[in-house]
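Coordinate inspection notes
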Amino acid sequence: MKRSAIPFSRSFTLIEVTLGLAILVLIFGVIFQLVQYSVLGAEAASQISIRNREISGLMALVRQACLDLSPKSQLGLVPREGKGYDLVLSNAPSLILPPDYRGVRVAEFQMRKNKAGGMDLWLAESLLETNRQGALSPVEPPNRFILLRDVRSLDWTVWDTRDRKPKTEWYESNKPAVLQLKVSRREGKRVRTDEGWSWYRDWE
C-alpha cells in the first residue's frame, strides 16, 4: 500500500524572524525621524513667522509714533544701565492710554531684565500733570506692556538736520530728522538683527 504524501511546509527560522524584525525597526525609525523633522521644521517656521510679525509690528508702532509727534513733542535717547539707550517721547501721541487726556503724555521704549536673565523690550506710557509748584507729577502709575521678548540688543540712532551725522545720544529740545532702530534676537544658534527707519522731518 502506498502512503499518501504529506505536503512539506517550510517554517521561518529564528535568524529570518530576527532579520525581519530588525528591518521593520529600521523602517519605522526612518519614518519616525522624517515625521519628527517635519514637525520640528514646521515649529521653527512658525516661530520665525511669529517673530517677523512682532518685528513688523514694532517698526510700525515706532514709525507711527514718530509721524504723529506734535511740534511740542520732544525725543530723547536716555542711557540705560549697561549697554544702549532707551527711547523717550514726551508730549507723545496716544499709543495705549485714552487720547482725551490734556496733560503731558510720555512714552518710553525700555529694556528690562526678565526672570531668565535676558532682556525684554517694554512700552511704558505715563500721564503727567502740573502740580501746585509747577512741576510735573504722575497722575497714576505708568502702564507697561511687553513688546518683544528675549532681545539681545536694542540700538537707537538719530540724525540731525544740521550736520547729518549719526548720534547715539540726544538731549536737545528740537527733534532729529531720522530715527534708526536695530533689534537683535536669537533664533536657534544664530542671532538675527532687524533694522527699521523712521523719517519724520525733512532735511533742511
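This text follows the structure it describes.
Attention here is on the structure that accompanies the text. A quick note: this is a predicted structure, and the numbers were derived from the prediction, not measured. (Residues numbered from 1 in each chain as written. Predicted model: local features only at pLDDT ≥ 70, side-chain atom pairs only at ≥ 80, totals over all residues. Heavy atoms only, no water.)

This part is about a nonpolar patch on the surface. Where nonpolar side chains cluster on the molecular surface, the patch consists of Val17, Leu21, Ile23, Leu24, Ile27, Phe28, Ile31, Val35 and Val39 and spans about 810 Å² of accessible area. Examined against the element boundaries, Ile27 turns out to sit in helix H1 (residues 14–67). Residue classification places Ile27 among the partly exposed residues on the basis of a relative accessible area of 43%. (Patch = residues over 30% accessible without salt bridge, like charges linked within 9 Å, V, L, I, M, F, W, Y side chains within 5 Å. Areas by Shrake-Rupley, 256 points an atom, 1.4 Å probe, with all protein chains shown as cover. Salt bridge = Lys/Arg side-chain N within 4 Å of Asp/Glu carboxyl O. Helix = DSSP H or I, 4+ residues; strand = E, 2+ residues; numbered from the N terminus. Buried < 20%, exposed > 50% of the residue type's maximum accessible area, 1.4 Å probe, protein only.)

Turning next to unusual backbone geometry. At Asn91, a residue that is not glycine, the phi angle is positive and equals roughly 50 degrees. Within the fold, Asn91 resides in the loop between strand S2 (85–90) and strand S3 (104–113). A positive phi angle, close to 55 degrees, is found at Asp150, a residue other than glycine. Asp150 sits in the partly exposed class, given a relative accessible area of 42%.

What follows covers the nonpolar core. With 28 residues, the main nonpolar core has Leu89, Phe109 and Trp156 as its most contacted residues. Looking at this core, the elements with two or more residues in it are H1, strand S1 (74–79), S2, S3, strand S4 (119–130), strand S7 (151–159) and strand S9 (178–187). Counting residues per element, this core draws most heavily on H1, which supplies six residues. (Core = buried A, V, L, I, M, F, W, Y, C linked by side-chain atoms within 4.5 Å.)

Right, let's talk about the pattern of salt bridges for a bit. Inspection of the entire model under this criterion finds four salt bridges. The residue Asp86 makes a salt bridge to Arg80 at a minimum N-O spacing of 3.0 Å. By relative accessible area, Asp86 is classed as buried at 12%. Notably, a salt bridge pairs Arg105 with Glu125, separated by 3.3 Å at the nearest N-O pair. In this pair, Arg105 is assigned in strand S3 and Glu125 in strand S4, connecting sequence segments 20 residues apart. Considered together, Arg105 and Glu125 belong to a single accessibility category, that of buried residues.

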